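This is what each chain is made of:
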Amino acid sequence: MLLDFLLCFAAWTALALAMERHHEDAWPGVESDAPAAVLRRQRLFQAGWILLALSLGIALGFAGATTAAMSATVWTAALCLAALAATSMATWQAQRLPVLGLMALTLGILVFTFDCLGP
Amino acid sequence: MTPPQTKTGAKTTRQPEQEGFRQAMSWLHTWSGLILGWLLFAIFVTGTLSFFKNEFNMWMRPELHGLPPPDSDVAQRAQAALHRHAPGVSNFIMRLPDERTPVVNVLWRDKPNSRFEALLLHPQTGATLQARETAGGEFFYRFHFELRTAHKGRWTIQGRWVVGVATLMMFIALLTGVVTHRRIFKDFFTFRPRKGGQRAWLDAHNVSGVLVLPFYLMITFSGLMIFHAMYMPAGIAAVYPGAKGTDTQSYFSELQGDAPGARSARRGSNAQAEPLPMLDLAPMLSQAGQLWRGGRVGSITVRSDSQGPLVEITRHDGDRLQYGPARLRFDGRTGQLQTQVDPQSPAIKTYGVLYGLHLARFADIGMRWALFGFGVMGSLMIASGLILWSVKRRAQALRKTPAAPLPFGERLVASFNIGLMGGLPLAIAAYLLANRLLPLEMPGRPDAELSCFFGTWALALLLGLIRPMRQGWALVLGMAATAYLLLPWVNALTTSTHLGISLPAKDWSWAGMDLSFAAMGLMLAALTRHLLRARPQPAARHAGPAKGAAAPGRKPGTQLISGDNAAQEA
């Protein structure tokens, strides 16, 4: 649940930041349709979808003690929770959104390596 | 969500046919939502509470507080206790204790086809436990799918049909909503509460709708599936012909993975059932443990029929996603395993998984809270949709004529919004307060609790009809806030399960209830404060200072002024 949530949250923040409105909210000084910003938004968009796919892949591939069906259910719940969390952050902490997304990603990678190394 | 593009390539011409389709869907979405919205709100709220049905069942029976964890031969001891309590018992279902419900729950009867009697037993000693008479969390559960209004149940089938129609409408509203609110994927993360008015309500409706969409689709579709046999009997009638019309029993036997006719074959004549002897359950339970590789036993059903006692051991329904759980059938006298009942066909498994997802028996505490949160979001989605209906019409009317009077229909919708939606949390608090405050020995106590629930709800509706405006909301939500904040205190004064005892003992299933009530009270209080804070509105300026200063419950000295209503300001 935690790993799913962290990766989905990172993915949702990337997808949010790829949108004009949230991009401008997060970086108020940057024109969101300047060529550099468009490129960055495209990269964020791709990164977001890749992260979502990756988190689903990890959930299904490393189901651990539970069944794949249960794992998919937990992933879907985490997906919705992360979307709620990302939207709250985009609403009330817009400028911290990039940092929060990166933190979630880092934590997610840590949790994943810990899971793989652990028993 | 569409990939970012430079603006030149983004513009597409709009198709006229698409617009027509969207408008048709918009019409369907608006009116199906309006007509059944209040009912759907009540179904959603009670369904959400049903995720914590067991916890409500315990909290509303404080006599059951502080029971020890069960020991290994709890089933045998409980069986002995049942035989002492009811020597003629011929059929019983014994639910074994688990971490959510630490009590042995027995339903028993001594005549076939009579009503089951309930019995609560101590998880270690098997002693009979006396708890107050209450419908408990079962009321929310039963209201959720059959609109139960009385403890023993009435108009059950009719209620299920009404809920079924509402569920179908919900499904239609969800699908048409995706078409109607065309920007939901473009505005996926967009919520702008500061913009106020129609914009903020539309954002709230869209965001609460789209973020948890997988849950809504799952819960609505599976809700329809559960009663498929009632809504669509023709297929069953065609394939399962019986001597007297349709052999529905065989259909349900097969749906549970049983042989058709297994339910009735052994039963024989229904005239009289032999009293059950004491059975040695331990070998059967240990065999079940081996077959299920350590899976938990959920319940034990014992029945005396034409061939002697029959024992069925049912696995705990929290052990897997699919519902219903696997069963083992034993001959009671010899302890011989007869059949393993567990459906294997892909269609039945799919159905079972949908059923299981809806009931969420599989969910651990984290998942349970997540699902509860999704249910709350769903309730907010319905509520914001209904309020949006009012706000939008009001804004349009005021744009045309600045002091337009509130038409009858809109006034009615505003009243129902306050009474039926705002009144529901209040009614639930009244039900819980009644559980603590009504005399314990009162005859018909469960129905008296329900009267408190429905009476309070009706009262809130009356308030909504009298004051279909901001004050009405503040009054009803303020009363609800007070009631929820009172609950932990009333609990402390009337029982020994209060926070002063449950918190130091880290007894989270009990403390969690009181803490949740307090949190709910604080949230409602904040909402009420927000509503009471005067906000100067161009059309409502002459509504006077009474609006901001009036305490809830006191009659404000102002008249109903057209602009001063929930529709415009909410």
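Please read all numbers here as calculations on a predicted model, not as lab measurements.

Draft legend 1. Molecular detail of the overall build of chain B. Within chain B, the secondary structure is distributed over 21 helices and nine strands. Counting all 570 residues of chain B, 51% fall into the buried class. Of the contacts formed within chain B by residues at least 6 apart in sequence, a portion of 68% connects residues at least 24 apart. Of the roughly 27100 Å² of accessible surface on chain B, 62% is carried by carbon and sulfur atoms.

Draft legend 2. Representation of the packing of aromatic side chains within the structure. Scanning the model with the defined rule gives 36 aromatic pairs over all chains in all. Ring plane angle 85° and centroid distance 4.9 Å describe the contact between Phe 453 of chain B and Phe 454 of chain B, whose orientation is recorded as edge-to-face. Look at Phe 454 of chain B and you get partly exposed, because its relative accessible area is 23%. Through a chain of ring-to-ring contacts, the aromatic side chains of Phe 56, Phe 139, Phe 140, Phe 143, Tyr 431, Phe 453, Phe 454 and Trp 457 of chain B assemble into a single cluster. Sitting over the ring of Trp 27 of chain A, Arg 40 of chain A keeps its end group 4.1 Å from the ring centre.

Draft legend 3. Quick peek at helix α6 (residues 197–210) of chain B. Over its 14 residues, α6 of chain B extends 20 Å from the first C-alpha to the last, a length consistent with the 20 Å expected when each residue adds 1.5 Å. Every buried residue of α6 of chain B is listed here: Ala 200, Asp 203, Ala 204, His 205, Asn 206, Val 207, Ser 208, Gly 209 and Val 210 of chain B.

Draft legend 4. Spatial organisation of a nonpolar patch on the surface. Residue and element names in this part refer to chain B. On the surface, a nonpolar cluster with roughly 430 Å² of combined accessible area is contributed by Leu 459, Leu 462, Leu 465, Ile 466 and Met 479. Here the nonpolar patch takes four residues from helix α16 (residues 445–466), the largest share from any one element. Within the secondary structure layout, Met 479 lies in helix α17 (residues 470–494). Residue classification places Met 479 among the partly exposed positions, given a relative accessible area of 31%.

Draft legend 5. Structural context of the sheet that holds strand β3 (residues 117–121) of chain B. All names here are of chain B. What the seven strands build is an open sheet, ordered β3-β2-β1-β6-β7-β8-β9; its pairing is antiparallel. Strands with a single pairing partner mark the edges of an open sheet, and in this sheet they are β3 and β9 (337–341). If you compare each strand with its neighbour and ignore which way they point, the axes differ by 15° on average. Of the strand pairs in this sheet, strand β2 (residues 104–109) and β3 are connected by five bridges, and their pairing is antiparallel. Bridge pairing links Asn 105 to Leu 120 in β3. Contacts from helix α12 (residues 282–291) reach β6 (297–305), β7 (308–315), β8 (327–331) and β9, with the element oriented near 145° to β8.

Draft legend 6. Region of the structure containing unusual backbone geometry. Residues and elements named next belong to chain B. Residue Gly 324 follows Tyr 323 across a cis peptide bond; omega there is -5°. The backbone phi angle of Lys 506 is positive, close to 50°, even though this residue is not glycine. When you line up the elements, Lys 506 lands in the loop between α18 (499–502) and α19 (508–532). Lys 506 sits in the exposed class, given a relative accessible area of 58%.

Draft legend 7. Representation of the confidence of the model for chain B within the structure. Residues and elements named next belong to chain B. Of all residues in chain B, 88% have pLDDT values of 70 or greater, and the mean over the chain is 86. In the predicted structure, residues 7–14 sits below a pLDDT of 50 and forms four contacts with residues beyond four places in sequence or in another chain. For the stretch residues 538–570, pLDDT sits under 50, and the model shows 61 contacts to residues farther than four places along the chain or on other chains. The ipTM assigned to the predicted complex is 0.93, against a pTM of 0.88.

Draft legend 8. Focus on the interface of chain A and chain B. Taken residue by residue, the interface counts 30 residues in chain A and 28 residues in chain B. Of the roughly 2400 Å² buried where chain A meets chain B, counting both sides, 77% is carbon and sulfur surface. Where chain A meets chain B, there are one salt bridge. We note a salt bridge from Asp 187 of chain B to Arg 21 of chain A, for which the minimum N-O separation is 3.2 Å. For the pair chain A and chain B, the number of links is two residue pairs in polar contact (both at pLDDT 80 or more). The biggest single contributor to the side of chain A that touches chain B is helix α4 (residues 68–92) of chain A, with 15 residues. Residues belonging to the side of chain A that touches chain B are distributed by class as follows: 20 nonpolar, six polar and four charged.

Draft legend 9. Molecular detail of the pairing of strand β1 (residues 91–95) of chain B. Residue and element names in this part refer to chain B. Looking at chain direction, β1 and β2 are connected through five bridges and run antiparallel. Across the sheet, Met 94 pairs through a bridge with Val 106, a residue of β2. Bridge count between β1 and β6: five bridges; the pairing is antiparallel. From the neighbouring strand, Arg 95 faces β6, where its bridge partner is Ser 299.

Draft legend 10. View of the side chain of Ser 502 of chain B. All names here are of chain B. Note on placement: Ser 502 falls in helix α18. For Ser 502, a relative accessible area of 0% translates into the label buried. Once residues lying within four places of it in the same chain are set aside, the contact partners of Ser 502 are Thr 497, Asp 507, Trp 510 and Ala 511.

Draft legend 11. Quick look at the pattern of salt bridges. Residues and elements named next belong to chain B. The full count for this structure, using the stated rule, is 24 salt bridges over all chains. A salt bridge links Arg 142 to Glu 146, with the shortest nitrogen-to-oxygen separation between them at 3.5 Å. With a gap of four residues between them, Arg 142 and Glu 146 both fall in helix α4 (residues 138–146), about one helical turn apart. Between Arg 329 and Glu 312 there is a salt bridge, with its nearest N and O atoms 2.9 Å apart.

Parameters and conventions
- Think of each chain on its own: its residues are numbered from 1, step by step along the sequence as written.
- Chain letters start at A and ligand numbers start at 1, both assigned in the order the entries are written.
- In keeping with the model being predicted, local features are shown solely for residues with a pLDDT of at least 70 and side-chain atom pairs are shown and tallied solely at 80 or more, while totals for entire chains, interfaces and linings include all residues.
- The side-chain values count all of the structure's non-hydrogen atoms but skip hydrogen atoms and water molecules.
- Helix and strand labels come from DSSP, where a helix needs a run of H or I of at least four residues and a strand needs a run of E of at least two; each type is numbered from the N terminus.
- Buried residues are those whose accessible area, probed at 1.4 Å on protein chains only, stays under 20% of the maximum for their type, while exposed residues exceed 50% and partly exposed ones sit between those limits.
- By the convention used here, residues are in contact when the closest approach between their heavy atoms is within 4.5 Å.
- Only the protein chains shown count as cover for residues, and the accessible areas themselves come from Shrake-Rupley with a 1.4 Å probe.
- Between 30 and 60 degrees the pair is tilted, below 30 it is stacked and above 60 it is edge-to-face, where a pair is any two Phe, Tyr or Trp rings, Trp via its six-membered ring, whose centres lie within 6.5 Å.
- Working rule: Lys NZ or Arg CZ, within 6 Å of ring centre, within 35 degrees of ring normal, means a charge sits over the ring.
- Under the convention used throughout, the expected extent of a helix is 1.5 Å for every residue step, that is, one less than its residue count.
- Patch members must show over 30% relative accessible area and no salt bridge, and they are joined within 9 Å when carrying like charges or within 5 Å when they are nonpolar side chains of Val, Leu, Ile, Met, Phe, Trp or Tyr.
- Should a side-chain nitrogen of Lys or Arg be within 4 Å of a carboxyl oxygen of Asp or Glu, the pair is scored as a salt bridge.
- Only strands joined by at least two bridges in the DSSP assignment are considered to pair.
- Axis definition: a line fit to C-alpha positions, over the contact stretch in the case of helices; interaxial angles, taken between N-to-C directions, run 0 to 180 degrees.
- Looking at any residue, its pLDDT shows the predictor's confidence there, from 0 to 100.
- A quick way to say it: buried area is the sum, across both parts, of accessible area lost when two parts are put together, with a 1.4 Å probe.
- Nitrogen and oxygen atoms within 3.5 Å of one another constitute a polar contact, given that in protein one can donate a hydrogen and the other can accept it, and given that sequence-neighbouring residues count only through two side-chain atoms.
- Under the grouping applied here, Gly and all other residues not named as nonpolar or charged are polar, the nonpolar ones being Ala, Val, Leu, Ile, Met, Phe, Trp, Tyr, Cys and Pro and the charged ones Asp, Glu, Lys and Arg.

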